[in-house]
Structure formats: C-alpha cells, structure tokens
Amino acid sequence: MSETLAPLSQSLCFGGVQAVYAHEARETRCRMRFGLFLPPHASAGRVPVVYWLSGLTCTEENFITKAGAQRVAAELGLAIVVPDTSPRGLGFQGEADAYDFGLGAGFYVDATRAPWCDGYRMYSYVTDELPAYVAAHFPVDPERTGIFGHSMGGHGALVIAIRNRERYRSVSAFAPIVSPMRCPWGEKALAGYLGDDRDAWRAYDATALIEDRGYPDRTILVDQGTRDPFVERELKPRLLRDACARAGVALDLRMRDGYDHSYYFIATFIDEHLRFHARALDAGST
C-alpha cells in the first residue's frame, strides 16, 4: 500500500498543533486515521511521545476532544499519538453487528481466525507499524516512548508495555480491562479473534503476562473509579493488584471515590498521568 500521508485537520492548540492524519496501513489493510498533538517544543527538535489507546466504540476523536490533554502536554513537551480502535472499511460479514466486537473493538490483538486475521491486526499496527510511521514523518523521539489508555485501550496499553518493555519506558491506564480472559467483553473478543485455545489468550492478558514474565523496574499507574458500572464484571482491578503483588511488580492503583467510566473521569486525572509519563521520558530535556 502507498504510504502517502494525508492531513485531515490541523489546529493551533496551546502553542502546539492538534492534527488528524490518515495513511494506508499494511497491517490492517485499510486506510487508518490517527490523531497527533505536537507541543511547541517540536519546532526545535524531537520530543518524547506517548500513545493513547481508546476504548470500545471510540475513534481518535474521543480523546482529542474530551480528555483535555493538550494544555499540559504542551507545557511538558509531550507529543500524543491517538490511533483508531479497529480497521474500518474491510466489509467483513458481521463486523458491525455488536459494539464489543468488530468495528471499534479491535481489542489490540493480532487476530488468527478468519476472516479477522486478514486485517484485524491492531497489536502489530500499534506496536510496530504506527510508531515507525510516526517517527519517519514527525519530530518524535522513539527512544522516549510511553503508552496509556482507557478500558479496552487500558488493556491494550498494559499488554503492549509488558510485552515490549524495551520500547516503552512508561505505562498507565484508566479503568483497564486487566484480565480479558476472565470477563465477558474479553472472552467474546479473544474467542472471536483468536479461537478457543485459552493458552493463546495469555499473550493478550495483562495479569497472565505479569504472572508469566513479570515487569521489573517499572511502575504501573492505574486509576479506577469506584462508581464505574463495569468495575466488578469487566474490569476487575483486584486481579491486577493481586498478580502484581505476587510477582513483586510496582503497581500504583488509585481507587477514585465516586468517579465513573466516562471521559469526565479521564479529564479529571489526565494531568497526573501526563506528568507521570513526562518524568519517565525525561520530557523537557534535549
């Protein structure tokens, strides 16, 4: 596929630029959109970058317009890349039938079952193709990269960071699905994309990855609202807490009294997450 970069929108924002781009992606075999915020510091050289992974039903637009991240990112000198949550336009039968599987619900896995294996490769797209593409076209420093996300995207961020510790110097999450092997959303997605072999699912389950390989010399930051309607059935933060405790992994789990699953919750604490990543990525240094 052509690697032509198509700018869809660009707006000055806190002295930086908030933009949305599209490109033809090899892994997903379709045209993918991503948001990119470049802080003012990017005019003088490469800046650290954090990747935000969104949750079910979202596109790149949700974070860009609702999280309120640009002000502090501009202050800290952080770039933020926001990919879409699934391929679009592949036309697979049934891909638009449910909110929690198919369109808007790629779950950041590389599918192995047909037809999904022919494009639903969000893990490789987010981990390999998109970062290489962004580094080739924009002034970001691939040696100073972090990742964070929300819900399904929190699951993706944790999995990607744990499996690629050498590439991501920091990871955090809002209300993540910490063990998709043990919740209805995750079981549906993993069975549909990967098949019924639960051993294969462990590669996409943060608690299983912690059990299998640990996560040494890193701190995981997680915020979870106590009024989140999905906390007990789908998110189950205690499973991550227990896995990290057994493995000796540093987990900063912050239970936020009264907060729910919405972007109001994210916007309330986004500054703390950006500052957490900035410290790990030496933001502001050259």
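Anyway, here's the lowdown on the structure attached to this text. Computed from a predicted model, the values in this text were never measured in an experiment. (Residues numbered from 1 in each chain as written. Predicted model: local features only at pLDDT ≥ 70, side-chain atom pairs only at ≥ 80, totals over all residues. Heavy atoms only, no water.)

1. Concerning the overall build of the protein chain
Rule in force here: Elements are defined by DSSP. Helices are runs of H or I of four residues or more, strands are runs of E of two residues or more, and each kind is numbered from the N terminus. Only protein chains enter the accessibility calculation, which uses a 1.4 Å probe. A residue is then buried if its area is under 20% of the maximum for its type, exposed if over 50%, and partly exposed in between. A contact between two residues is defined here by any heavy atoms of the two lying within 4.5 Å. Accessible surface area values rest on a Shrake-Rupley calculation with a 1.4 Å probe, where residue burial reflects the displayed protein chains alone. As used throughout, the charge tally considers Lys and Arg to be positive and Asp and Glu to be negative, leaving His and the chain termini uncounted. Lys charges are placed at NZ, Arg charges at CZ, Asp charges at CG and Glu charges at CD.
A tally of helices and strands in the protein chain yields ten helices and nine strands. The C-alpha extent of the protein chain, read off along each of the three principal axes, is 50 × 40 × 35 Å. Of all 286 residues assigned to the protein chain, the portion counted as buried reaches 58%. Long-range contacts, defined as pairs at least 24 residues apart, comprise 73% of the intrachain contacts of the protein chain with a sequence gap of at least 6. Accessible surface, the protein chain as shown: approximately 11,400 Å² in total, 48% of it carbon and sulfur. Taken together, the 31 basic and 36 acidic charged side chains of the protein chain have centroids lying 2 Å from each other.

2. As for the packing of aromatic side chains
Selection rule: To pair, rings of Phe, Tyr and Trp, with the six-membered ring standing in for Trp, must have centres within 6.5 Å; the planes then decide the type, stacked if under 30 degrees apart, edge-to-face if over 60, and tilted in the middle. Both a distance and an angle decide whether a charge sits over a ring: NZ of Lys or CZ of Arg must be within 6 Å of the ring centre and within 35 degrees of the ring normal.
In total, this model carries 21 aromatic pairs according to the counting rule given. Look at Phe92 and Tyr120: their rings are 6.0 Å apart centre to centre, the planes differ by 35 degrees, and that puts the pair in the tilted class. With a gap of 28 residues between them, Phe92 in the loop between β5 (79–83) and α3 (122–137) and Tyr120 in the loop between β5 and α3 connect regions that are remote in the sequence. The burial state of Phe92 is the same as that of Tyr120; both residues are buried. Taking the centre distance of 4.8 Å and the plane angle of 50 degrees together, the rings of Trp185 and Phe230 count as tilted. On the criterion of sequence distance, the pair formed by Trp185 in helix α5 (residues 184–194) and Phe230 in the loop between β8 (219–225) and α8 (231–235) is long-range, its members being 45 residues apart. Looking at Trp185, the relative accessible area reads 5%, which means it is buried. Phe230 gets classed as partly exposed once you look at its relative accessible area, which sits at 30%. Linked through ring pairs, Trp52, Phe63, Phe148, Phe174, Tyr259, Phe265 and Phe269 together constitute an aromatic cluster. Positioned over the ring face of Tyr123 is Arg163, at 4.2 Å from the centre of the ring.

3. Overview of the packing of α3 against helix α4 (residues 152–163)
Stated formally: Between the N-to-C directions of two axes lies an angle of 0 to 180 degrees, each axis being a line fitted to C-alpha atoms and, for a helix, fitted only over the stretch in contact. Here is the rule for angles: anything less than 35 degrees is roughly parallel, anything more than 145 is roughly antiparallel, 65 through 115 is roughly perpendicular, and the remaining ranges are oblique. Crossing handedness: left-handed means the near helix sits turned counterclockwise from the far one by under a right angle, and right-handed means the same turn made clockwise. The classification used treats Ala, Val, Leu, Ile, Met, Phe, Trp, Tyr, Cys and Pro as nonpolar, Asp, Glu, Lys and Arg as charged, and all other residues, Gly among them, as polar.
Two elements in contact, α3 and α4, have axes whose closest approach is 11 Å; the angle formed by their N-to-C orientations is 55 degrees. Taken together, α3 and α4 sit at an angle that is classed as oblique. The element α3 and its partner α4 pack so that their crossing is right-handed. Where α3 approaches α4, its residues Tyr123, Val126 and Thr127 are matched on the opposing element by Val159, Ile160 and Arg163. Within the contact of α3 with α4, the residues separate by chemical class into four nonpolar, one polar and one charged.

4. Some points on the nonpolar core
Note the threshold: The nonpolar core is taken to be a set of buried Ala, Val, Leu, Ile, Met, Phe, Trp, Tyr and Cys residues, with the residues joined through side-chain atoms within 4.5 Å.
Counting 96 residues, the largest nonpolar core has Phe34, Trp52, Phe63, Ile80 and Tyr193 as the members making the most contacts within it. Here this core gets eight residues from one element, more than from any other, and that element is α3.

5. Examining the pattern of salt bridges
Stated formally: We define a salt bridge as a side-chain nitrogen of Lys or Arg found within 4 Å of a carboxyl oxygen belonging to Asp or Glu.
Under the counting rule described, the total for this entry stands at 24 salt bridges. Across the salt bridge formed by Asp252 and Arg254, the nearest N and O atoms sit 2.9 Å from each other. Assessed through its relative accessible area of 28%, Asp252 is described here as partly exposed. It is possible to trace a salt-bridge network through shared partners that takes in Asp223, Asp252, Arg254, Arg256 and Glu272.

6. What to know about the side chain of Ser172
Just so we agree on the cut-off: Polar contact criterion, stated in full: a pair of N or O atoms within 3.5 Å, where within protein one must be able to donate a hydrogen and the other to accept it, and residues adjacent in sequence count only if both atoms are side-chain atoms.
With respect to the secondary-structure elements, Ser172 resides in strand β7 (residues 170–174). Only 2.8 Å separates the side chain of Ser172 from the side chain of His273, close enough to count as a polar contact. Every residue in contact with Ser172, bar those within four places of it in the chain, is listed here: Ile147, Phe148, Gly149, Ala157, Leu221, His273, Phe276 and His277.

7. Some words on empty space enclosed by the protein
Quick note on the threshold: Think of a 1 Å grid over just the protein atoms. A cavity is a set of points where a 1.4 Å probe fits yet cannot get out, a pocket is an open set with protein on both sides within 12 Å along at least five of seven lines, and lining residues have an atom within 4 Å of a point. Grid points are joined across faces, edges and corners, and a volume is the space filled by probe spheres set on the points.
Scanning the entire structure with this criterion turns up one cavity of 30 Å³ or more. Here the largest cavity is characterised by a volume of approximately 40 Å³. Forming the boundary of the largest cavity are Gln18, Leu36, Phe37, Phe63, Ile64, Ala69, Gln70, Ile80 and Val82. For the lining of the largest cavity, the secondary structure elements donating two or more residues are β3 (30–38), α1 (60–66) and β5. Considering only residue class, the lining of the largest cavity consists of seven nonpolar, two polar and no charged.

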